[in-house]
Amino acid sequence: MPELPEVEHVVRALRRAIVGRQIVASEIRLPKLITPSSVSAFNRRLKHSTILDVNRRGKFILIELVGSAGILPAQRAERAHDFVLVVHLRMTGKFLYLTTDDEIPKHAHAIFYLDNDRRLVFRDQRQFGVMKLVARSRLSSTKGVSELAPEPFSDDFSMTYLKEVLGRSRRTLKTFLLDQTKVLGLGNIYAAEALFRSGINPFKISAELSAKRIARLHAAILDVLRDAITDSSTSRIELEHPNGFSYGEAFERFWQVYEREGEPCVKCGTRIRRITHGGRSTYWCPKCQRR
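Residues numbered from 1 in each chain as written. Predicted model: local features only at pLDDT ≥ 70, side-chain atom pairs only at ≥ 80, totals over all residues. Heavy atoms only, no water.

> Please give an account of the nonpolar core that cites residues and values.
Within the largest apolar cluster, 47 residues are counted, with the highest numbers of intra-cluster contacts made by L177, L186, L217 and I221. Per-element tally for this core: the top contributor is helix α6 (residues 211-230), with 9 residues. Excluding anything up to four places from it in sequence, I221 contacts F157, L177, V183, L186 and A194. (Core = buried A, V, L, I, M, F, W, Y, C linked by side-chain atoms within 4.5 Å. Buried < 20%, exposed > 50% of the residue type's maximum accessible area, 1.4 Å probe, protein only. Helix = DSSP H or I, 4+ residues; strand = E, 2+ residues; numbered from the N terminus. Contact = heavy atoms within 4.5 Å.)

> Please give an account of the state of the cysteines that cites residues and values.
Taken as a whole and assessed by the stated rule, the structure comprises 0 disulfides. Summary of cysteine pairing: C285 is not part of a disulfide, and the nearest cysteine sulfur, belonging to C268, is at 3.6 Å. On the basis of relative accessible area, C285 is assigned to the buried category, the value being 0%. No disulfide involves C288; its sulfur sits 3.7 Å from the nearest other cysteine sulfur, which is in C268. On the accessibility criterion, C288 (24% relative accessible area) is partly exposed. (Disulfide = S-S within 2.5 Å.)

> Can you break down empty space enclosed by the protein residue by residue, with the values?
If you walk through the whole model with that rule in mind, you get 1 cavity of 30 Å³ or more. Estimates place the volume of the largest cavity at around 50 Å³. For the largest cavity, the full set of lining residues is I23, I51, I63, L85, F112, L114 and L120. In terms of residue class, the lining of the largest cavity is built from 7 nonpolar, no polar and no charged. (1 Å grid on protein atoms, 1.4 Å probe; cavity = no way out; pocket = protein on both sides within 12 Å on 5 of 7 lines; lining within 4 Å. Points joined across faces, edges and corners; volume = space filled by probe spheres on them. Nonpolar A, V, L, I, M, F, W, Y, C, P; charged D, E, K, R; others polar.)

> Quick one: what's the story with the pairing of strand β3 (residues 60-66), residue by residue and with numbers?
β3 sits mainly inside the fold: 7 of its 7 residues count as buried. Of the two faces of β3, the one lined by F60, L62, E64 and V66 and the one lined by I61, I63 and L65 are each fully buried. In this sheet, β3 lies alongside strand β2 (residues 49-57) in antiparallel orientation, the contact comprising 7 bridges. Residue pairing in the sheet places I51 in a bridge with L65 of β3. (Pairing = 2+ DSSP bridges.)

> Could you give an account of the pattern of salt bridges, with specific residues and numbers?
Under the counting rule described, the total for this entry stands at 15 salt bridges. For D115, the salt bridge is made with R21, and the minimal N-O distance between the two is 2.6 Å. Of the two residues, D115 is situated in the loop between β6 (108-114) and β7 (119-124) and R21 in the loop between α1 (4-18) and β1 (22-28); the sequence distance between them amounts to 94 residues. Residue class for D115 comes out partly exposed when judged on its relative accessible area of 38%. Under the relative-accessibility criterion, R21 is labelled partly exposed at 26%. Taking the shortest distance from any N to any O, the salt bridge between K182 and D179 comes out at 3.8 Å. (Salt bridge = Lys/Arg side-chain N within 4 Å of Asp/Glu carboxyl O.)

Given below as structure tokens:
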């Protein structure tokens, strides 16, 4: 499943490709993708809408649209966007940006026909992805979005905030960090990496973390996400690639503990350990993260 840095890369790729384009028509081949909306109502609302921007809230991709009446560029700052196409990729969702000569791939469940003769295709082999159209004014109260913790690079994700939410939890730290309503952006990979960078044991009780360790953890969370987004993400997004992405070599340089069971720690040489914890694999160095 893509984590926040990968979703951020998808957002940036989409922004480069489709902002300013008009959706001439849309085709939904898997009705459950847009449940509870009807296919006819969904397609009718999207028809002739213009894509104004692409953003992100957590792992939700936000394609901001204005209806067919349209607005002039100079007016965009004065008028709220009409509605937002909210997309969650889940496990296998991907976007493709295809020409008219490109074959529509298997598992293509939504096709958006654009005014430049391109097609934006949503492909999802496991069929867990979701889409919904939401009024811009109601986005912050939309189920799934409203429960999310502050964005990690926002002022709201402060040391004070992290100390408060940690102090209210008796869960182990690794489990706590995976809760997107408490700390946003850390999936299994980056939680393991942040804990290693901060030198904290993943099985420590959240409320028992000292102020000094909270400071280290806060810095490590930001550092690991920033590094992943800027130059070391686990995947490179290519919307014109047949699969919507291609794996590079960055992950081997970037991961210091994740999927390195039995390998020597990059800091002390101790063998990296792994156990199943909370239904997920947890990797850590028993020496560098002993407390």
